Amino acid sequence: MSDPSVQHQQARPAVPVLHEQRLDEVLGAAPERGRGRYRPHRVGMVWRSKVFRAGAVIVALVLCGLVILALVREQTGPEGFLVGLGLAVLPVPLLMAAFRWLDRVEPGPWRNLLFSFAWGACAAALVAIIANSFATRWIATATADPASADTLGATVIAPVVEESAKAAAVLLIFLFRRREFSGVVDGVVVAGFTATGFAFTENILYLGNAFGEDQLSGSSGFASVTAGTFFVRIVMSPFAHPLFTVLTGLGFGFAAVSARRHRARRIALPLLGLLLAMGLHALWNGSSSFGPYGFYAVYGIVMVPAFGLVTWLAIWSRQRELRTLAAELPAYAAAGWLTPAEPSALSSMRARGMARDLARHWQPDRTRGRAAARAVAEYESFATSLAGLRRRARHGAVGPDFGARERELLHHLWQRREVAAPALAHAALLTARPGAHHGRPLPTPYGTGNGYANGHGTGYGPGHTPGYGQTHGHPPGYGHPQGHPPGYAPGAYPPPQPYGSAPHSHRRPPS
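Residues numbered from 1 in each chain as written. Predicted model: local features only at pLDDT ≥ 70, side-chain atom pairs only at ≥ 80, totals over all residues. Heavy atoms only, no water.

Draft legend 1. Spatial organisation of helix α11 (residues 294-335). Here α11 is 42 residues long and its end C-alpha atoms lie 61 Å apart, about the 62 Å a rise of 1.5 Å per residue gives. Positive backbone phi, approximately 105°, marks Gly 336, located one or two places after α11. (Helix = DSSP H or I, 4+ residues; strand = E, 2+ residues; numbered from the N terminus. Expected span 1.5 Å × (residues − 1).)

What follows is the structure in structure tokens.
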């Protein structure tokens with residue numbers, strides 16, 4: 001009897017060659033289960049430990065948060081702090097949802113986004129308050145003109161300090177989470193979350209101080225300082241800080257997709273984005289000094305068009321990620337890692353969402369349905385990372401670990417294909433153009449369509465309608481050239497393999 005591990009290794013298709021490289025030089029087959037996760041060599045030092053570094057970052061952010069909380073509460077008072085907090089939190093969910101929607105093609109890990117938000121709300125805000133206060137006092141003392149010191153601090157000092165402090169979060173993720181920072185969209189999302197956190201803390205301070213002024217003057221209603229501050233900062237310009245910092249994120253994003261040999265470009269692009277962010281921030285802060293209508297002129301002539309241009313660029317980059325899937329994944333489909341329909345399904349957000357819904361509803365209970373939908377979502381994410389990795393390799397923007405990273409991603413796809421491939425193939429057919437099936441009936445997940453309710457349904461493929469890629473007869477399960485899939489019983493849906501387990505060793509995916 002042959003060794004099952006040998007069968008499992010032989011069952012996997014070869015990895016498509018990139019450019020003119022030989023297959024046996026860099027790529028090869030995917031690793032066995034348990035060896036499919038690439039890990040660099042460990043160094044025996046405490047500060048190299050991931051747990052130590054994560055703990056140090058969390059402790060530092062918590063301390064910054066406590067200090068900034070005390071400073072803001074001291075300046076606004078208890079009542080002003082509560083009012084400012086309640087009003088400042090309103091735009092946060094909307095901004096986070098917008099940036100998360102932009103990141104749906106290849107969702108980044110939440111730990112990076114939470115770190116970015118916490119950095120902006122705690123560390124960057126603390127640096128800005130201390131540095132701005134110190135610089136303004138020093139200028140006022142040196143010039144003996146407090147009014148000009150405030151103007152100079154708002155238009156020169158604040159943009160430089162605040163944008164540099166926010167850019168530090170983007171830089172840290174770019175350096176230490178390089179594999180999760182792969183393009184323009186990642187730069188926009190990380191910068192957006194950082195700026196959203198910073199604006200949240202700053203709005204608490206401004207709104208709390210405005211409420212304190214109203215308490216002293218007895219103002220209330222729409223004529224109050226609080227209402228005016230809320231309208232300007234929350235209604236008219238909640239995107240101001242995200243817009244500034246997104247320019248920095250765009251610089252890092254373009255640097256991430258630049259060839260590694262263009263070292264000067266990879267350094268100059270983030271610096272250029274940071275300078276643009278500082279310049280736009282300075283123009284925005286100094287708009288009030290341009291006359292009574294200066295603020296509205298800058299808002300309408302500069303801010304709104306800039307916001308529209310950056311939004312268009314971000315959405316275009318998101319669509320480019322989908323086009324990359326359609327362009328790069330057919331090579332893996334031709335090699336047998338994917339089915340022919342999967343590249344088109346993975347390049348359509350509608351088909352991807354439909355595949356998750358199908359995988360969820362095809363399961364007999366809610367727990368397995370959630371697990372199946374999660375497996376499809378992970379499959380889609382890994383496939384997107386694989387397409388992006390291959391595209392960057394074509395442009396020389398990957399490191400020497402390209403082969404190991406590619407094998408790791410293929411390994412994760414292979415583990416989840418039992419659940420994800422049928423759902424994506426079905427979604428591809430359902431979302432195809434009318435007439436694309438040439439009269440062929442769609443495969444149904446339960447054969448005759450009776451489902452679980454009466455117990456007469458069957459698993460995906462082994463019903464009385466042709467499965468994907470089958471044209472006649474009563475085909476077996478999805479991807480099985482002959483016979484029924486393992487675990488198949490007439491009249492029952494075959495339980496899918498756990499998405500963390502190794503696939504069946506005796507089968508080869510269709511080429």
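Draft legend 2. The nonpolar core, seen in detail. In this structure, Phe 181, Val 188, Trp 284 and Met 303 are the most contacted members of the largest nonpolar core, which totals 62 residues. Within the second largest apolar cluster, 40 residues are counted, among which are Leu 322, Ala 355, Ala 372 and Ala 423. (Core = buried A, V, L, I, M, F, W, Y, C linked by side-chain atoms within 4.5 Å. Buried < 20%, exposed > 50% of the residue type's maximum accessible area, 1.4 Å probe, protein only.)

Draft legend 3. View of the side chain of Ser 347. Relative to the assigned elements, Ser 347 resides in the loop between α12 (342-346) and α13 (349-361). From its side chain, Ser 347 meets the backbone oxygen of Ser 344 in a polar contact 3.0 Å long. Look past the residues within four positions of Ser 347 in its chain and what remains in contact with it is Leu 322, Leu 325 and Ala 326. (Polar contact = N/O pair within 3.5 Å; in protein donor to acceptor, adjacent residues only side chain to side chain. Contact = heavy atoms within 4.5 Å.)

Draft legend 4. Up close: the pattern of salt bridges. In this structure the tally under the stated criterion is 14 salt bridges. We note a salt bridge from Glu 378 to Arg 416, for which the minimum N-O separation is 2.8 Å. Highlighted residues: Glu 378 in helix α14 (residues 366-394) and Arg 416 in helix α15 (residues 402-430), separated in sequence by 38 residues. Judged by relative accessible area, which is 23%, Glu 378 ranks as partly exposed. Since its relative accessible area comes to 10%, Arg 416 is described here as buried. The shortest N-O distance in the salt bridge between Glu 406 and Arg 390 comes to 3.5 Å. With Glu 406 in helix α15 and Arg 390 in helix α14, this residue pair connects regions lying 16 residues apart in the sequence. (Salt bridge = Lys/Arg side-chain N within 4 Å of Asp/Glu carboxyl O.)

Draft legend 5. Representation of the packing of aromatic side chains in the model. Counting across every chain of the model gives 14 aromatic pairs. Centre to centre, the rings of Trp 110 and Phe 193 are 6.3 Å apart; their planes meet at 80°, and the pair counts as edge-to-face. Placement of Trp 110 in helix α5 (residues 110-143) and of Phe 193 in helix α7 (residues 184-217) is noted, with a sequence separation of 83 residues between them. Take Trp 110: its relative accessible area is 43%, and that puts it in the partly exposed class. Among the residues examined, Phe 193 registers a relative accessible area of 0% and is labelled buried. Aromatic ring contacts, followed pair by pair, group Phe 239, Trp 284, Phe 295, Tyr 296, Tyr 299 and Phe 307 into a single cluster. Its end group placed over the ring of Trp 110, Arg 100 keeps NZ or CZ at 4.5 Å from the ring centre. (Phe/Tyr/Trp six-rings, centres within 6.5 Å; stacked < 30°, edge-to-face > 60°. Lys NZ or Arg CZ within 6 Å of the ring centre and 35° of its normal.)

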